[in-house]
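# What the coordinates show
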Amino acid sequence: MSKSGLTRRDFIKGAAVSTAAYALTQNQPSTSAAARAKSNRPNLIFMHTDQQHFQAISGQGCKDLHTPNMDRLMKHGVTFADSYSANPVCCPERACWYTGRCSSENGMLSNNHTLNTEMPDLGQWFGANSYECFYSGKWHVPGRDPNTSFNCLTANTSGQGQHQDSIVAQTAQSLLQSYSGEKPFFLSLGFLQPHDCCYWAFTHKTVPDQLPFPLTDRDLPKLPMNYAHTQRQPKVVDAHFKGVSNMTKGWTDMHWRLYMHDYYRMVEEVDAEIGRVLDALEGSRFASNTVVVLTADHGDGLARRKLLQKWWLYDEAVRVPMVIYAPGATDVRIDRSHVVSGLDVAPTLCDYAGIPCIPKARGRSLKPLVEGRPTEWREFVVSDANITGRMVRTPEYKFIAYKNDPVVQLFDMRHDPWEMTNLADEAKHADTVASLQRALKDWESHLEVAG
């Protein structure tokens, strides 16, 4: 079994055999149709990283790190370039994944809230639809014990990824090597890295006199284009910025670059563990019938605007990786035409499983897009932040507004991807602002807001 990458030939060959076998059964008596449909349902692996910047994958063109295993998924699947967290904070986004509902509905408005007890999660939903459900790693959904929804392969802890992620990968390896159940499985893997960057920031208060290890200035990433950029912002966002500024007080340009360097090493750590899972899948009997979805809960400031961590609606925090691999797929590409959301995870997994969508899901299945089938797509996605903040993202524009705050923002994402020029106050863009405000109001009018 090669460690260098997924064997596309083997995957496609296996998928072709499965397809041919399925085709031969079409002449069998109709009484076996339900059994055939059940037996052909794919297994599902949902892998999610924690705090991964949307560009922190070498397959996306980043030259400051090497992620051969995420790259191998990209080379054999579909990557969505414009993928957005439904809420760029740990607990809220995870609640959105697992319920298919946005934060104002599922109750997880921040890390200090709890999940609506009446809403089913994906583990419960797939379990009720004849899937065997397993979970390993970071859960981080307050108010919902994962043991009530999944067969948990690890304790529900949130430690450091440097120590825990290898355990997550090893439990997945064991499952893929030993699972003998008759039901298809849904395996969800909660990796922690590169979240350890938070501990890095807490412990590295001052830049060392000498760079650690055999590093030189040439080894460190360059600072981003908008590193020193400032602009007028909503009050809630400005308060977060001041908090980060206090945390990083005294940091030099070199300090920021060292942070970026070490952040990328943490991404490489989780990439290695993802590789273990992919290797185990490739060497298992499930290789030709398993769909893999990889995404992250939110991004990281990564020195943009001298920021680290998350919480706001700029791309460095709210935009995330999204890669889907389905056996037998031939339309491999980076999709730059469709805006997608973390709310699409639940409908996508349900669609691949061939089961009804989880109740009242707000997203849409990405399966038709992965398969390259013509489909009418949405005009925008909405993300929440800081309880009162909302983002409307179309293929062309991003609109940001916070309730009862006079500062609204409009960015031309095609010509200003670094979000440095706010167009909201320019008269020539008034119609665009008004249109996106109406779209947001219409979106919110259909939500069943938690009491």
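So, here's what we can say about the structure. This structure is a prediction, so every number in the text was calculated from the model and none was measured.

Another point: unusual backbone geometry. Put simply, Gln-193 and Pro-194 share a cis peptide bond, and its omega is 10 degrees. By secondary structure assignment, the location of Pro-194 is in the loop between strand 5 (185-190) and helix 8 (197-203). A positive phi angle, near 55 degrees, is found at Lys-360, a position not held by glycine. Among the structural elements, Lys-360 can be located in the loop between helix 12 (345-353) and helix 13 (367-370).

Close approach of charged atoms lets side chains of opposite charge pair. One pass over the structure, following the stated rule, counts 27 salt bridges. Residue Arg-94 is joined to Asp-297 by a salt bridge in which the shortest nitrogen-to-oxygen separation is 2.9 Å. Of this pair, Arg-94 sits in helix 4 (residues 90-99) while Asp-297 is found in the loop between strand 6 (290-296) and helix 11 (315-318), placing the two residues 203 residues apart along the sequence. In this structure, Arg-94 and Asp-297 share a single accessibility class: buried. A salt bridge links Arg-362 to Glu-105; the nearest nitrogen and oxygen atoms lie 2.5 Å apart. Of this pair, Arg-362 sits in the loop between helix 12 and helix 13 while Glu-105 sits in helix 5 (residues 103-106), placing them 257 residues apart in sequence.

Another aspect to go through is the sheet that holds strand 9 (residues 381-385). If you trace the four strands from one edge of the open sheet to the other, you get 9-10-11-12, paired in antiparallel fashion. Since the sheet does not close on itself, it has two edges, and those belong to strand 9 and strand 12 (409-412), each with one partner. If you compare each strand with its neighbour and ignore which way they point, the axes differ by 15 degrees on average. Where strand 9 meets strand 10 (residues 389-393), five bridges bridge the pair, whose relative direction is antiparallel. For Ala-385, the partnering residue across the bridge sits in strand 10 and is Gly-389. Strand contacts of helix 14 (residues 430-445): strand 9, strand 10, strand 11 (397-402) and strand 12, with the helix running at about 65 degrees to strand 11, the strand carrying the most contacts.

Before going further, it helps to spend a moment on the environment of Ser-445. Take Ser-445: it is sitting in helix 14. The exposed category is assigned to Ser-445, whose relative accessible area is 53%. Of note is the side chain of Ser-445, whose polar atom sits 3.3 Å from the side chain of His-446.

Turning our eyes to something else, we now look at the sheet that holds strand 1 (residues 43-49). With respect to topology, eight strands assemble into an open sheet ordered 4-3-5-1-6-7-2-8, the strand pairing being mixed. Either end of the sheet is taken by a strand with one partner, and the two such strands are strand 4 (151-152) and strand 8 (333-341). When strand 3 (residues 132-137) meets strand 5, the two strands line up parallel, connected through six bridges. Residue pairing in the sheet places Glu-132 in a bridge with Phe-185 of strand 5. Relative to strand 7 (residues 322-325), helix 3 (residues 68-76) is tilted by about 60 degrees, and along the sheet it contacts strand 1, strand 2 (78-84), strand 6, strand 7 and strand 8. The strands touched by helix 4 within the sheet are strand 1, strand 3, strand 5 and strand 6, with strand 1 carrying the most contacts at an inclination of about 170 degrees.

It is worth spelling out the environment of Asn-226 at this point. Within the fold, Asn-226 resides in the loop between helix 8 and helix 9 (235-247). When the C-alpha positions of Asn-226 and Lys-306 are compared, they lie 8.4 Å apart, and in sequence the two are 80 residues distant. Those residues in contact with Asn-226 that sit more than four places away from it in its chain are Arg-304, Arg-305, Trp-418 and Met-420. One polar contact links the side chain of Asn-226 to the main-chain carbonyl oxygen of Trp-418, over a distance of 3.2 Å.

Right, let's talk about the packing of helix 3 against helix 10 (residues 253-282) for a bit. Running from N to C, helix 3 and helix 10 cross one another at 55 degrees; their axes reach a closest spacing of 7 Å. With respect to helix 10, the axis of helix 3 lies oblique. On helix 10, the residues touching Pro-68, Asn-69, Met-70, Arg-72 and Leu-73 of helix 3 are Val-267, Val-270, Asp-271, Ala-272, Ile-274, Gly-275, Leu-278, Asp-279 and Glu-282. Residues that form the contact of helix 3 with helix 10 fall into these classes: eight nonpolar, two polar and four charged.

This brings us to the nonpolar core. Core analysis: the largest hydrophobic core is formed by 68 residues, its most contacted members being Ile-45, Met-47, Leu-189, Phe-191 and Tyr-259. No other element matches the 14 residues that helix 10 contributes to this core. Excluding anything up to four places from it in sequence, Ile-45 contacts Leu-176, Phe-185, Leu-187, Leu-189, Leu-281, Thr-290, Val-291, Val-292 and Val-293. Judged by nonpolar contacts, the second largest core, of 39 residues, contains Phe-186, Ala-326, Cys-350 and Ala-353.

This next bit is on the pairing of strand 11. The element strand 11 is extensively covered by neighbouring structure, given that five of its six residues are classed as buried. As paired strands, strand 10 and strand 11 are joined by five bridges and run antiparallel to one another. Bridging across to strand 11, Val-392 finds its partner in Phe-399. Between the antiparallel neighbours strand 10 and strand 11 lie three residues. With four bridges joining them, strand 11 and strand 12 adopt antiparallel strand pairing. Bridging from a neighbouring strand, Ile-400 pairs with Gln-409 of strand 12. If you look at the hairpin formed by strand 11 and strand 12, you'll find six residues sitting between the two strands, and Asn-404 has a positive phi there, around 60 degrees.

Glancing now at the packing of helix 7 (residues 161-178) against helix 10. At a closest axis distance of 8 Å, the pairing of helix 7 and helix 10 adopts a crossing angle of 5 degrees. As judged from the angle between their axes, helix 7 and helix 10 are roughly parallel. When helix 7 is examined against helix 10, the residues Gln-162, Asp-165, Ser-166, Ala-169, Gln-170, Ala-172, Gln-173 and Leu-176 are found in contact with a partner set consisting of Glu-269, Val-270, Glu-273, Arg-276, Val-277, Ala-280 and Leu-281. Among the residues making up the contact of helix 7 with helix 10, the classes are represented as seven nonpolar, four polar and four charged.

What counts and what doesn't
- Residues numbered from 1 in each chain as written.
- Predicted model: local features only at pLDDT ≥ 70, side-chain atom pairs only at ≥ 80, totals over all residues.
- Heavy atoms only, no water.
- Helix = DSSP H or I, 4+ residues; strand = E, 2+ residues; numbered from the N terminus.
- Salt bridge = Lys/Arg side-chain N within 4 Å of Asp/Glu carboxyl O.
- Buried < 20%, exposed > 50% of the residue type's maximum accessible area, 1.4 Å probe, protein only.
- Pairing = 2+ DSSP bridges.
- Axes fitted to C-alpha atoms, helices over the stretch in contact; angles between N-to-C directions.
- Contact = heavy atoms within 4.5 Å.
- Polar contact = N/O pair within 3.5 Å; in protein donor to acceptor, adjacent residues only side chain to side chain.
- Parallel < 35°, antiparallel > 145°, perpendicular 65-115°, else oblique.
- Nonpolar A, V, L, I, M, F, W, Y, C, P; charged D, E, K, R; others polar.
- Core = buried A, V, L, I, M, F, W, Y, C linked by side-chain atoms within 4.5 Å.

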